[in-house]
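So you can see what is in the structure, the chains are spelled out below.
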Amino acid sequence: MTFTQWFIFFIVVQVIHFLGTWKLYVKAGRKAWEAAIPIYNGVVLMQIINRPKWWIILLFIPIVNLLMFPVIWIETIRTFGFYKKLDSFLVIATLGLYIFYINYTTDAKYNAERSIKPRSELGEWVSSITFAIIAATLVHTYFMQPFTIPTSSLEKSLLVGDYLFVSKFHYGARVPSTVIAAPMVHDTIPSIPVPFTGINLNPSFVSYLKKPQLPYTRLPGLQKIKNNDIVCFNWPADTLATMWGDTSGKFTYKPVDKKTNYVKRCIAIAGDSLEFRNGYAYINGKRNELPYRAKLQFYYTYESKKPIDRNTYPKFLLAKERTGVYKILSEYWNNSKVQDAIKENGSLSKIGEDSLYTEVAGGINPSFAERLKMISVDNKININLTAEEVARLKEYPLTVSVKKINHGADKAIFPHLEKLQWSQDNFGPIYIPKKGVTVKLDAESLPFYEQIIKNYENNDLQVVGENIFINGEKADSYTFKQDYFYLIGDNRHNSLDARYWGYVPFDHVLGKPVLIWFSWDANAPSFGTKIKSIRWDRMFTTVGGDGEPVSYRYLVFALIAIYIGWSFYKGKKKGKK
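The written sequence of each chain sets the order in which its residues are numbered from 1. Totals for whole chains, interfaces and linings use every residue, but because this is a predicted model, local features are given only for residues with pLDDT of at least 70 and side-chain atom pairs only at 80 or more, for both listing and counting. Side-chain figures throughout are based on the complete set of non-hydrogen atoms in the structure, without hydrogens or water.

(A) Expanded view of the overall build of the chain. Across its full length, the chain carries 15 helices and 24 strands. Any residue under 20% of the maximum accessible area for its type is buried, any over 50% is exposed, and the rest in between are partly exposed; the area is computed with a 1.4 Å probe on protein chains only. Relative to its 577 residues, the chain shows a buried fraction of 44%. Partitioning the intrachain contacts of the chain with sequence separation of at least 6 by distance along the chain shows that 69% fall at a separation of at least 24. Each accessible area is a Shrake-Rupley result for a 1.4 Å probe, and residues are judged covered by the shown protein chains and nothing else. For the chain, the accessible surface area stands at approximately 31,200 Å², while carbon and sulfur atoms represent 60% of it. Secondary structure counts use DSSP, requiring at least four H or I residues in a row for a helix and at least two E residues in a row for a strand, with both numbered from the N terminus. A contact between two residues is defined here by any heavy atoms of the two lying within 4.5 Å.

(B) Fine view of a nonpolar patch on the surface. A contiguous nonpolar surface patch, about 790 Å² in accessible area, is contributed by Phe 7, Ile 8, Ile 11, Val 12, Val 15, Ile 16, Leu 19, Leu 97 and Tyr 104. Looking at the nonpolar patch element by element, the count peaks at seven residues for helix H1 (residues 3-27). Its location among the elements puts Tyr 104 in helix H6 (residues 98-105). For patch building, the residue pool is restricted to those with more than 30% relative accessible area and no salt bridge; the joining distance is 9 Å between like charges and 5 Å between nonpolar side chains (Val, Leu, Ile, Met, Phe, Trp, Tyr). We count a salt bridge whenever a side-chain nitrogen from Lys or Arg sits within 4 Å of a carboxyl oxygen from Asp or Glu.

(C) Structural view of helix H4 (residues 64-79). Along its 16 residues, H4 runs 23 Å from first to last C-alpha, staying within 8% of the 22 Å computed at 1.5 Å per residue. Of all the 16 residues making up H4, 13 are buried; the element is thus mostly covered by neighbouring parts of the structure. Expected helix span is taken as 1.5 Å per residue step, with the number of steps being one fewer than the number of residues.

(D) Broad picture of the sheet that holds strand E18 (residues 467-470). Read across the open sheet, the three strands follow the order E17-E18-E19; overall the sheet is antiparallel. The open sheet has two free edges, formed respectively by strand E17 (461-464) and strand E19 (473-474), since each of these has just one partner strand. The pairing of E18 with E19 spans two bridges and is classified as antiparallel. By the bridge assignment for E19, Ile 470 is matched with Glu 473. Here a strand pair is declared whenever DSSP counts at least two bridges between the two strands.

(E) View of the nonpolar core. Within this scheme, the nonpolar core is defined by two criteria: the residues are buried Ala, Val, Leu, Ile, Met, Phe, Trp, Tyr or Cys, and they are joined through side-chain atoms within 4.5 Å. Among the nonpolar cores identified, the biggest contains 46 residues, and Leu 274, Tyr 449, Tyr 486, Trp 501 and Tyr 503 are the most heavily contacted of them. By residue number, the principal contributor to this core is helix H12 (residues 446-456), which donates six residues. Those residues within four positions of Tyr 486 in sequence are excluded, and the remaining contacts are Arg 265, Cys 266, Ile 267, Ala 268, Leu 274, Phe 427, Ile 432, Ala 498 and Arg 499.

(F) A look at the packing of aromatic side chains. Pairing of aromatic rings covers Phe, Tyr and the six-membered ring of Trp, with a centre-to-centre limit of 6.5 Å; geometry is then stacked below 30 degrees between planes, edge-to-face above 60, and tilted otherwise. Within the structure shown, the criterion is met by 33 aromatic pairs. Arranged with centres 5.7 Å apart and planes meeting at 20 degrees, the rings of Phe 165 and Trp 517 form a pair that is stacked. You can see Phe 165 sitting in strand E2 (residues 162-167) and its partner Trp 517 sitting in strand E23 (residues 509-519), a full 352 residues away along the chain. Judged by its relative accessible area of 29%, Trp 517 is partly exposed. Ring geometry for Phe 518 versus Trp 520: centroids 5.3 Å apart, planes at 65 degrees, classification edge-to-face. Residue Phe 518 shares its accessibility class with Trp 520, and that shared class is buried. Counting every residue linked through ring pairs, the aromatic cluster contains Phe 276, Phe 414, Trp 422, Phe 427, Phe 448, Tyr 449, Tyr 456, Tyr 478, Phe 480, Tyr 484, Tyr 486 and Tyr 503. Think of it as a cone above the ring: NZ of Lys or CZ of Arg counts as a charge over the ring if it is within 6 Å of the ring centre and within 35 degrees of the ring normal. Seen from the ring of Tyr 292, Lys 295 lies directly overhead, with NZ or CZ sitting 4.0 Å from the centre.

(G) Examining the sheet that holds strand E10 (residues 280-283) more closely. As summarised here, the arrangement of the four strands in space is E11-E10-E9-E15, forming an open sheet in which the pairing is antiparallel. The sheet is open, and its two edges are formed by strand E11 (286-287) and strand E15 (427-431), each paired on a single side. Both E10 and E11 contribute to a ladder of two bridges, which runs antiparallel. Bridge pairing in E11 places Tyr 282 opposite Arg 287.

(H) Inspection of the environment of Phe 143 at higher detail. Its location among the elements puts Phe 143 in the loop between helix H7 (121-142) and strand E1 (144-148). As a C-alpha pair, Phe 143 and Gly 511 span 368 residues in sequence and 9.4 Å in three-dimensional space. In this structure Phe 143 touches Leu 138, Val 166, Ser 167, Lys 168 and Phe 169, once residues within four positions along its chain are discounted.

(I) Molecular detail of the packing of H1 against helix H2 (residues 40-48). Note on method: axes are straight lines fitted to C-alpha atoms, helices fitted across the in-contact stretch only, with angles between N-to-C directions ranging 0 to 180 degrees. Interaxial distance between H1 and H2 falls to 12 Å at its minimum, and their mutual angle equals 35 degrees. When the axes of H1 and H2 are compared, the crossing they make is left-handed. Where H1 abuts H2, its residues Gln 14, His 17 and Tyr 25 lie against Asn 41, Val 44, Leu 45 and Ile 48. Residues are grouped as follows: Ala, Val, Leu, Ile, Met, Phe, Trp, Tyr, Cys and Pro are nonpolar; Asp, Glu, Lys and Arg are charged; all remaining types, including Gly, are polar. Broken down by class, the residue content of the contact of H1 with H2 amounts to four nonpolar, three polar and no charged. Working rule for handedness: look at the near helix, and if it is turned counterclockwise from the far one by less than a right angle, call the crossing left-handed; if clockwise, right-handed.

(J) Broad picture of the pattern of salt bridges. In this structure the tally under the stated criterion is 13 salt bridges. With a shortest N-O distance of 2.8 Å, Arg 114 and Glu 75 are connected by a salt bridge. With Arg 114 in the loop between H6 and H7 and Glu 75 in helix H4, this residue pair connects regions lying 39 residues apart in the sequence. According to the relative accessible area criterion, Glu 75 is buried, its value standing at 8%. Between Glu 275 and Arg 277 there is a salt bridge, and its shortest N-O distance comes to 3.4 Å. The exposure class of Glu 275 is partly exposed, given its relative accessible area of 23%. Several salt bridges converge on common partners, so that one network encompasses Arg 51, Glu 75 and Arg 114.

(K) View of the pairing of E23. Of all eleven residues that make up E23, eight are buried, and the element is covered over most of its length. One ladder, built from two bridges, connects strand E7 (residues 229-234) with E23; its direction is antiparallel. Directly across from Cys 232, in E23, lies its bridge partner Gly 511. In the sheet, E23 pairs with strand E24 (residues 541-542) via two bridges, with the strands oriented antiparallel. When the sheet's bridge partners are listed, Leu 515 is paired in E24 with Thr 542.

Given below as structure tokens:
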């Protein structure tokens, strides 16, 4: 819906409000016309139901207003004497239209002295929970949102099992375009556990309605995205089958704010020229220097003097919980049932509703590996390593060689042109589009900007022979409507990122990770093992900055202890009175 359509919708809602409440306004000692003036009628209504005037602001905040409207409806009918549970049910079930019935067919009496305190303990609980959800939804949507890191494309910088707070206000909070959605969940309703059975019911229901949609709007931010910032965003390729060269057009549309959540490092910003040489990024001709906390990784082929097993594998490369190194026998690997089982138990991490996808593949659970009859490898294995680990491995007594893997040409690399012979390690230069900049359009340049013109900036693009038509007019150039960014993982050979799908539009940017508030080994086999694996040194550390991470956990724990002590003291003092 456009802004004009939303304005018309707003006026229609105001007319419905007037027709359904004007008699109630009169019974409350107000004028009938006061029910007809937009915004002012809401302020008057707050006075009538004896609620704070600032509540009217919450009615204009997307998602939050979905929770506030039922509260206002119930408060309104109770102010005029309708307290029964059936009345509350009917006013919610009819989306407030039950107020028409009260307005025109009943002899409702205005109670100006109505107590706003709940009449029962259950009512107290419902009221408290409702406003707790409203407050949490407001914070979650516009200020700070929690996420988890389930996979390792930013390994060493952000670890699997890190729990993050992502700031919405650093780059400007994005107003949700999907206005009818369940609060504090992403694109689906979470699984529902059945008590005492160990069974989870997963209804697979989407958590939102695709229509109506608000036009893209963003609040002013505190800063702009800079080179090497870690950024959370909605995966632009989530609904684009053409990313993989599939031109069938078969894909499931998702609104931007309901696309999959991702986190990557922004190595190139709008206006930059980007090139990759041997896996290293060059920005405007200069090699990109990553901050200290970013640990660049590549796959290397490690050759050992002896067959590699749990005894000969370099111990400094083994995670604490790992018990061995395996490979799957080909007859098992090629079995479709085994592949499905691996997706559930090993190489594809199970992702929760609050997760940030950072890669495609992860590790294999050792016990699962043994059940599939995996075997120890011979004397060569591919290992994902940092430069520091490569240096250490070269000094290892059993090492014969450590050679970096170089990837060949791959059509999957954006813009998916086989003739370019680009690979994930070597490609470019490529221009990162900037708002207001005009580029030349022809057969050579169009593949770089086709998705932008059609899908991200919503134009009708047609190619007839050698001619390009945009919105029905022949075009030989295009001016970008927003900034774009290039986001990839530090784990260069184990990351699904912009090298495969291209640019990330600014309207897909979600926020900036600012704090790791908890961290443990998410892949540990049992809860007890997970407890032992808590990474205390990472708790309450900032994500940005340079140098070694500094944890503020002791300060946070001290503040929590002071708050608990003060609350206990106040409660005890109140009890004596």
